[in-house]
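Survey of secondary and tertiary structure
These are the residues of each chain, in order.
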Amino acid sequence: MKMKLTVNGREMDTDLDPDMPLLWVLRDVMGLTGTKFGCGKALCGACTVHLDGAVVRSCVTPIRAASGHKVTTIEGLSTDGSHPLQKAWVAYGVPQCGFCQAGQIMAAAALLRDKSKPTDGDITQALSGNLCRCGTYNRIRDAIKKVAQESKA
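The present account deals with the structure reproduced in this document. (Residues numbered from 1 in each chain as written. Predicted model: local features only at pLDDT ≥ 70, side-chain atom pairs only at ≥ 80, totals over all residues. Heavy atoms only, no water.)

1. Section: the packing of aromatic side chains
Note the threshold: Note on ring pairs: Phe, Tyr and Trp rings are taken, using the six-membered ring of Trp, and paired if centres are within 6.5 Å. Classes follow the plane angle, with under 30 degrees stacked, over 60 edge-to-face and the rest tilted. Elements are defined by DSSP. Helices are runs of H or I of four residues or more, strands are runs of E of two residues or more, and each kind is numbered from the N terminus. A 1.4 Å probe rolled over the protein chains alone gives each residue an accessible area, and that area as a share of the maximum for its type sets the label: buried under 20%, exposed over 50%, partly exposed in between.
Applying the stated criterion to the full structure yields 1 aromatic pair. For the pair W24 and F37, a centre-to-centre distance of 5.3 Å together with 35 degrees between the ring planes defines the contact as tilted. Of this pair, W24 sits in helix 1 (residues 22-29) while F37 sits in the loop between helix 1 and strand 3 (48-51); the two residues are 13 residues apart in sequence, bridging distant segments of the chain. The exposure class assigned to F37 is partly exposed, which follows from its relative accessible area of 36%.

2. So, the pattern of salt bridges
Any two side chains of opposite charge can pair, on the condition that their charged atoms come close. The condition is simple: The rule for a salt bridge is simple: a side-chain nitrogen of Lys or Arg has to be within 4 Å of a carboxyl oxygen of Asp or Glu.
Within the structure shown, the criterion is met by 7 salt bridges. Among the ionic contacts, a cluster of salt bridges with common partners joins K4, E11 and D13.

3. Here's the deal with the side chain of S58
For clarity, the cut-off: In the analysis that follows, any N or O atom pair within 3.5 Å is treated as a polar contact, provided that within protein one partner can donate a hydrogen and the other can accept it, and provided that, for residues neighboring in sequence, both atoms belong to side chains. Only heavy atoms matter for contacts: two residues are in contact if any of them lie within 4.5 Å across the pair.
The topology assignment puts S58 in the loop between strand 4 (54-57) and helix 2 (63-66). Assessed through its relative accessible area of 0%, S58 is described here as buried. At a separation of 2.8 Å, a polar atom in the side chain of S58 contacts the main-chain carbonyl oxygen of C47. Discounting chain neighbours no more than four positions away, the residues touching S58 are P21, L22, L23, L26, T35, C47 and V49.

4. With respect to unusual backbone geometry
You will see that N8, though not glycine, has its phi angle at about 55 degrees, which is positive. Relative to the helices and strands, N8 is located in the loop between strand 1 (3-7) and strand 2 (10-14). Look at N8 and you get partly exposed, because its relative accessible area is 29%. A positive phi is found at A42, a non-glycine position, where the angle reads about 65 degrees. Counting through the fold element by element, A42 comes out in the loop between helix 1 and strand 3. With a relative accessible area of 29%, A42 lands in the partly exposed category.

5. Some thoughts on helix 1
For helix 1, every residue scored as buried is listed here: L22, L23, V25 and L26. Close packing links the buried residues of helix 1 with strand 1, strand 2, strand 3, helix 2 and strand 5 (70-72). G31 sits one or two residues past helix 1 and shows a positive phi near 75 degrees.

6. Overview of the packing of helix 4 (residues 84-91) against helix 5 (residues 101-114)
If you want to describe how two helices pack, look at the angle between their axes and the distance between the axes. Operational definition: In this analysis an axis means a line fitted to C-alpha atoms, helices contributing only their contacting stretch, and an angle means the value between N-to-C directions, from 0 to 180 degrees. In what follows, roughly perpendicular refers to angles from 65 to 115 degrees, roughly parallel to angles under 35, roughly antiparallel to angles over 145, and oblique to any angle outside these ranges. Less than a right angle of anticlockwise turn of the near helix away from the far helix marks a crossing as left-handed, whereas a clockwise turn marks it as right-handed. Residues are grouped as follows: nonpolar covers Ala, Val, Leu, Ile, Met, Phe, Trp, Tyr, Cys and Pro; charged covers Asp, Glu, Lys and Arg; every other residue, Gly included, is treated as polar.
The interhelical angle for the contact between helix 4 and helix 5, taken along N-to-C directions, is 125 degrees, at an axis separation of 10 Å. Looking at the two axes, helix 4 sits oblique to helix 5. Considering the relative orientation of helix 4 and helix 5, their crossing is right-handed. Residues L85, Q86 and W89 of helix 4 form the contact with helix 5, whose participating residues are Q101, Q104, I105, A108, A109 and L112. For the contact of helix 4 with helix 5, the residue count by class is 6 nonpolar, 3 polar and no charged.

Structure representation (structure tokens):
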């Protein structure tokens, strides 16, 4: 079955198994390794990407569900780390092991797109499905608030 994927603005025709998780297409076929494998059950958020702007877990999203839609990965936010959230992550020293950070940033980007001035409760709710084993939640919240404060919206 032929499918068309659009990832970070790049179109790709594929005849891969339609049930293959999007995560493996991103990492193994396209070489976009910023999206991480964590649990394989949509519980940790390390594999978070945007599908037509909505937050999805790519480890459980079959490529047939992404066919004909726009997928954005952490690499699609910025190729050089210049996205405001990426800069804030550095400024606030958020990453420790860094494993969950791409998923955290993708969830935060969707939150800020939908709600330019989120409350602490909004942030907690939006990122509740993203686990950080290093416990950098306070720094994550501070980084998101910094970007919200500096945004023009």
